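Close look at the chain arrangement
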Amino acid sequence: MKQFQSSQSVFDLFVVGGGINGVGIANDAAGRGLSVFLCEKDDLASHTSSASSKLIHGGLRYLEHKEFRLVREALAEREVLLAKAPHIIKPMRFIMPHRPHLRPAWLIRTGLFFYDHLGKRKKLSGSNNVFFKEDSPLQPAITRGFEYSDCTVDDARLVVLNAMQAREKGAQIMTQTRCVSAKREDGLWVINLENTHGQFQIKAKVLVNAAGPWVSQFIREDVQIISPYGIRLIQGSHIIVPKLHDLDKSFIMQNDDGRIVFAIPYLDKFTMIGTTDREYEGDPAKVAITEEEIAYLIKISNEHFKAQLQREDVVSTFAGVRPLCDDESDNPAAITRDYTLSLIQDQADQAPMLAVFGGKLTTYRKLAESAMKQLRPFFKDKMQASWTAKEALPGGENITSIEQLISEVQEKCVGVSECLATRWVNAYGSRVWTMLAHIRKVEDLGYDFGEGLYSHEVDYLIEHEWARHSADILWRRSKLGLSFPADKVAELDHYLSEKIVALDAA
Ligand SMILES: Cc1cc2nc3c(=O)[nH]c(=O)nc-3n(C[C@H](O)[C@H](O)[C@H](O)COP(=O)(O)OP(=O)(O)OC[C@H]3O[C@@H](n4cnc5c(N)ncnc54)[C@H](O)[C@@H]3O)c2cc1C
């Protein structure tokens, strides 16, 4: 077996999984001076971390399940993350229509009081009552409700930005590379990896298992030890439809089965509606929305909004599985959304594995800090202090105003439309200048694949953001896939494969 060619003979940390939890831990550890290697079998964020409701939120409904620790931590994280990445995280007001047969108004008001006061809040405004007039997008029977603040996030980009920062701090990040097995030998982990170039081996002092829906399977099958916790895979699906209204606000709808469904403005033209909660037993990589879930989401939307949806209005769908720690709850919606970190080490001289069960996008940074706390005894003198609360993510540096940045981009790059400049700024933040280095006018951007995706940007995404396939660009680095011409996808893939062959040969 080939050894990985690196100046590093033994890494401090080996991380399996390039979802939010894996990259969050890799980033935190690399910034504290540890040597880190992360492998992801597919693309970054290709599973749960790009299939979320895209909220940085306290989780109002978790209050009902008495998850106070989680809600407090998540509420406080909203403003920390907002400051770190204002280009991909935006404040959002949520309107909760009140319908008499649901949770009583006093209970909601009490919940919102806690929501306003449990976590630190400076920028996000508090909750209030609302009364709907005739111009409301809601059904006339819905006359009152509540409004509160949370944030929306580009989930896949949050993952990519953490991976970029980890690399800038010295971590090795390898996508399209599967960890096929790992065993303990002489106090170290000996790890076998596989990608299109073949198999190779690396060694590490600690293994972090952030395989998300595959966490238990990895422990059982690839390491062949007993997993301390079970995992419950709970499917959640969303539909995307033409926008239901012109307000820049989200709606949180309470269904009569007790579930909550969001209708969130999405990419100017659309509304994203979700999520469902159902037990899932298949291969996590093959999860897909069912017709039953589509009908369920349309029904809830139609019960609330004046704009009535039909099945054919659904423009796109996506589904993911929440890898939740099994707390033996009967109700999928009631299983804890909190995370559990489990240190697996039977004897003091044995190489440890830290396994991540559960978690949320919102709490990824705190989860990474907790992981570092658990690993501190293994790196006593080497591990530096926590740093992620204050340092911006790539592109979040030096942003005073998103609008100003958009006009600067239009000034610098002659001929670029406001729409394209806005997409770039909301994706790259202040790193838009790295992407646009040497570009003076739109003609310098090269070939236009469609929808304003030029070969120059594609090259940037290959070089800086691990893009390898069209889906990486169209569905995760951007959401251009929603409008990208179908006949151009093969052309984009062809371009990418030629570029990557050339890159590998270099
Ligand atoms: C429908 C839905 C809605 C949600 N909404 C929200 C929300 O609005 N806000 C919020 O805060 N949270 C939300 N969440 C939760 C959040 O999305 C997840 O907790 C989070 O994305 C989990 O990240 P992860 O890194 O643990 O898993 P993943 O993102 O699945 O990453 C695990 C990675 O490990 C890789 N992997 C597995 N095995 C191997 C191997 N052997 N070798 C190499 N790589 C491997 C996989 O390919 C995968 O990419 C939602 C979840 C769902 C499903």
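Just so it is clear, the model here is predicted, and its values are computed rather than measured. (Residues numbered from 1 in each chain as written. Predicted model: local features only at pLDDT ≥ 70, side-chain atom pairs only at ≥ 80, totals over all residues. Heavy atoms only, no water.)

1. A look at the nonpolar core
If you look at the biggest cluster of nonpolar residues, it comprises 84 residues, and the most contacted ones within it are L13, I25, V36, I89, L158, L375 and W424. If we ignore the near neighbours within four places in the chain, the residues touching V36 are F11, L13, V15, A26, A29, A30, A171 and Q172. (Core = buried A, V, L, I, M, F, W, Y, C linked by side-chain atoms within 4.5 Å. Buried < 20%, exposed > 50% of the residue type's maximum accessible area, 1.4 Å probe, protein only. Contact = heavy atoms within 4.5 Å.)

2. Some points on the packing of aromatic side chains
For any pair of aromatic rings, the description rests on two quantities: the centre-to-centre distance and the angle between the ring planes. All told, the structure shown has eleven aromatic pairs when counted by the stated rule. Relative to Y148, the ring of F94 lies with its centre 5.5 Å away and its plane at 20°, an arrangement referred to as stacked. Placement of the pair is F94 in strand β5 (residues 89-97) and Y148 in strand β7 (residues 144-153), with a sequence separation of 54 residues. A relative accessible area of 0% places F94 in the buried class. For the ring pair Y115 and Y148, a centre distance of 5.4 Å and an interplane angle of 85° mean the geometry is edge-to-face. Residue Y115 is found in helix α3 (residues 105-118), and its partner Y148 is found in strand β7; the two are separated by 33 residues along the sequence. For the residue pair Y115 and Y148, the accessibility class agrees, reading buried in each case. (Phe/Tyr/Trp six-rings, centres within 6.5 Å; stacked < 30°, edge-to-face > 60°. Helix = DSSP H or I, 4+ residues; strand = E, 2+ residues; numbered from the N terminus.)

3. Some thoughts on the pattern of salt bridges
Under the counting rule described, the total for this entry stands at 34 salt bridges. One salt bridge connects R477 with D43, and the closest N-O pair in it is separated by 2.7 Å. Residue R477 is located in helix α12 (residues 470-477), and its partner D43 is located in the loop between β3 (36-39) and β4 (55-56); the two are separated by 434 residues in the primary sequence. Overall, R477 belongs to the buried group, its relative accessible area being 2%. (Salt bridge = Lys/Arg side-chain N within 4 Å of Asp/Glu carboxyl O.)

4. As for the domain arrangement of the protein chain
You can read the domains of the protein chain as domain 1 (2-47 + 157-230 + 337-379), domain 2 (89-152 + 232-325) and domain 3 (402-505). Taking only C-alpha atoms into account, the centre of domain 2 sits 31 Å from that of domain 3. Taken together, the seven residues of domain 2 in the interface contact five residues of domain 3. With both chains or domains summed, domain 2 and domain 3 bury close to 450 Å², and 66% of this area falls on carbon and sulfur atoms. If you sort the residues of domain 2 by the area they bury against domain 3, K90, Y266 and L267 come out on top, with a joint share of 57%. Where domain 2 touches domain 3, the interface holds one residue pair in polar contact (both at pLDDT 80 or more). When the residues that make up the side of domain 2 that touches domain 3 are grouped by side-chain class, the tally is five nonpolar, one polar and one charged. (Domains from an automatic or database assignment. Buried area = accessible area lost by both parts, 1.4 Å probe. Polar contact = N/O pair within 3.5 Å; in protein donor to acceptor, adjacent residues only side chain to side chain. Nonpolar A, V, L, I, M, F, W, Y, C, P; charged D, E, K, R; others polar.)

5. What about helix α1 (residues 20-31)?
Residues that lie three or four places apart on an α-helix share one face, since the helix turns once every 3.6 residues. The terminal C-alpha atoms of α1, which comprises twelve residues, lie 16 Å apart, in line with the 16 Å expected from a rise of 1.5 Å per residue. With eleven of twelve residues buried, α1 lies mostly within the body of the structure. Along α1, the residues that are buried comprise I20, N21, G22, V23, G24, I25, A26, N27, D28, A29 and A30. The elements touched by buried residues of α1 are β2 (11-16), β3, α4 (155-168), β11 (198-209), β19 (353-358) and α7 (364-375). A positive phi of about 95° marks G33, the residue just after α1. (Expected span 1.5 Å × (residues − 1).)

6. Considering the pairing of β2
Burial analysis of β2 places six of its six residues in the buried class, the great majority of the element. For β2 and β11, the ladder comprises five bridges, and the chain directions are parallel. If you follow V15 over to β11, its bridge partner there is V208. When β2 meets β3, the two strands line up parallel, connected through four bridges. Each residue of the ladder has a partner; that of V16, found in β3, is C39. (Pairing = 2+ DSSP bridges.)

7. Observations concerning the state of the cysteines
Counted according to the given criterion, the structure contains zero disulfides. C39 takes part in no disulfide bond, and the closest cysteine sulfur to it belongs to C179, at a distance of 5.2 Å. The exposure class assigned to C179 is buried, which follows from its relative accessible area of 6%. (Disulfide = S-S within 2.5 Å.)

8. Description of the side chain of E79
Structurally, E79 is set in helix α2 (residues 68-84). Despite its burial, E79 pairs with no opposite charge, the nearest such side chain being R78 at 5.7 Å. With sequence-adjacent residues up to four places away left out, E79 is seen in contact with K120, R121, K122, K123 and L124. (Lys, Arg positive; Asp, Glu negative; His and termini not counted.)

9. Structural notes on the packing of α2 against α7
Relative to each other, α2 and α7 sit at 105°, their axes nearing to 9 Å. The orientation of α2 with respect to α7, classified from their angle, is roughly perpendicular. Between α2 and α7, the residues in contact are E73, E77, V80, L81 and K84 and Y364, R365 and K366, respectively. Tallied by class, residues from the contact of α2 with α7 come to three nonpolar, no polar and five charged. (Axes fitted to C-alpha atoms, helices over the stretch in contact; angles between N-to-C directions. Parallel < 35°, antiparallel > 145°, perpendicular 65-115°, else oblique.)

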